[in-house]
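# Understanding the architecture of this molecule
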Amino acid sequence: MTKILICGICGKMGNNVYNLLKDDSDAQVVCGVDRNADSSSSGVPVYENFEEVKENVDVIIDFSSPAVLQPELKWAALNGVAVVIGATGYTAEQLQLIENCAKKIAVFRTANFSLGINLLIKLVKEAAETLGEKFDIEIIEKHHNLKADSPSGTAIMLAESANSAFNGNKSYVYGREGATGKRGKEIGMHAVRGGTIVGEHDVMFAGEDEIITLSHSARSKSVFAAGAITAAKWLAGKNADLYDMGDLLN
C-alpha cells in the first residue's frame, strides 16, 4: 500500500486527488500539508508545514504552488520520500533545485499528467519534423481565470517538442502586441484566461494554402489527478532520479 501525502490538499486539485484515492486498493492518503490547514474537510490530518508531519509517507503529490517547493524538497530529501510535482510556474532557480534534489530522491515532474496531452506532445514533434520550415507554428492555450502563470507549462512543453525538430533553433514569441513585419524563425504562444476553462491547447501549423491543427481539451481536473496518482504508485520505491511522463509511459 503506497502511503501518500497531498501537498495543497485543501485546494481544488488536492481535493480531486483525495477523492479519487478514497476507494483505491493500492494507495491511501495518510495526511496533507496546506497553509489553509483544515482536517475536517479531508478526513486525514492536515498540517500547515512539513515539520509537523508525523505519519510515515512514501510519496508526496504536490499540486500547490512554487512557494512551497523549497521546504517540501528539503523535508522529502531528509526523510527519503519521493515527490510527484504537478504545479507549474517555477523559476530557473527552482527548476535547478528540483534537479539537484533528484540526485537524492526520486522526483517526478511534468506540467501535465494527461495521457492525451502527452500523446499530443509526441504528435507535435512528428508533425514539425514532417512539415519542416515551410509551416509556421502557433500555440494557443486557454485556461480558467484563476490560473497564475502564463503561458501554461503545457504550452511550453508543446513548444519545446516542436522546437526539438529544429534542434531548438526557433525563438518563442509571446503574443504580438506592437510586433510588425515578417515572421522570423519563431514559435508563437498565446494565452487566453476566462471562466472555468479546465485546459485547452491548440498547435497550429500554417503553411501555404493549408492549415493543420492538433488539439487537446480537458473537460475535468480529475484527468490530471488520476495521472498524478498513477505516477505516485509507479514512483514509489524508485531510485533517485528525475522522471517524467515519458518514463512512465515507456
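Please read all numbers here as calculations on a predicted model, not as lab measurements.

Conventions we followed
- Residues numbered from 1 in each chain as written.
- Predicted model: local features only at pLDDT ≥ 70, side-chain atom pairs only at ≥ 80, totals over all residues.
- Heavy atoms only, no water.
- Helix = DSSP H or I, 4+ residues; strand = E, 2+ residues; numbered from the N terminus.
- Rg over C-alpha atoms; globule rule 2.2 N^0.38 Å.
- Contact = heavy atoms within 4.5 Å.
- Salt bridge = Lys/Arg side-chain N within 4 Å of Asp/Glu carboxyl O.
- Buried < 20%, exposed > 50% of the residue type's maximum accessible area, 1.4 Å probe, protein only.
- Expected span 1.5 Å × (residues − 1).
- Polar contact = N/O pair within 3.5 Å; in protein donor to acceptor, adjacent residues only side chain to side chain.

Now for the overall build of the chain. The secondary structure content of the chain amounts to 7 helices and 12 strands. Computed over the C-alpha atoms, the radius of gyration of the chain is 19 Å, within 12% of the 18 Å expected from 2.2 N^0.38 for a compact globule of 250 residues. C-alpha atoms of the chain, sized along the principal axes, occupy 60 × 40 × 35 Å. Taking all contacts inside the chain whose residues are at least 6 apart in sequence as the whole, residues at least 24 apart take part in 67%.

Before going further, it helps to examine the pattern of salt bridges. What the rule picks out here adds up to 8 salt bridges. Salt-bridge contacts for K233 lead to D24; the nearest nitrogen and oxygen are separated by 2.7 Å. Here the residue K233 occupies a position in helix 6 (residues 222–235), and D24 occupies one in the loop between helix 1 (12–21) and strand 2 (27–33), the gap between them amounting to 209 residues. The class of K233 is partly exposed, set by a relative accessible area of 29%. Put simply, E133 and K170 hold a salt bridge, and the shortest N to O gap is 2.9 Å. Placement of the pair is E133 in the loop between helix 4 (115–131) and strand 7 (136–143) and K170 in the loop between helix 5 (153–163) and strand 8 (171–174), with a sequence separation of 37 residues. Here the residues in one salt-bridge network are D136, E138, R176, R183 and E186, joined through shared partners.

This brings us to the environment of V223. Take V223: it is sitting in helix 6. Taking the C-alpha atoms as reference points, V223 and F113, separated by 110 residues in sequence, lie 7.5 Å from one another. If we skip the residues at most four places from it in the chain, V223 touches F113, S114 and A218.

The first and last C-alpha atoms of helix 4 sit 24 Å apart over 17 residues, in line with the 24 Å expected at 1.5 Å per residue. Every buried residue belonging to helix 4 is among I117, N118, L120, I121, V124, A127, A128 and L131, and all of these are buried. Where the residues of helix 4 are buried, they touch helix 5, strand 10 (199–207), strand 11 (210–218) and helix 7 (245–249). The N-cap of helix 4, judged by a side-chain oxygen 3.1 Å from the amide nitrogen of G116 a few residues on, is S114. Of the residues one or two after helix 4, G132 is the one with positive phi, at around 70°.

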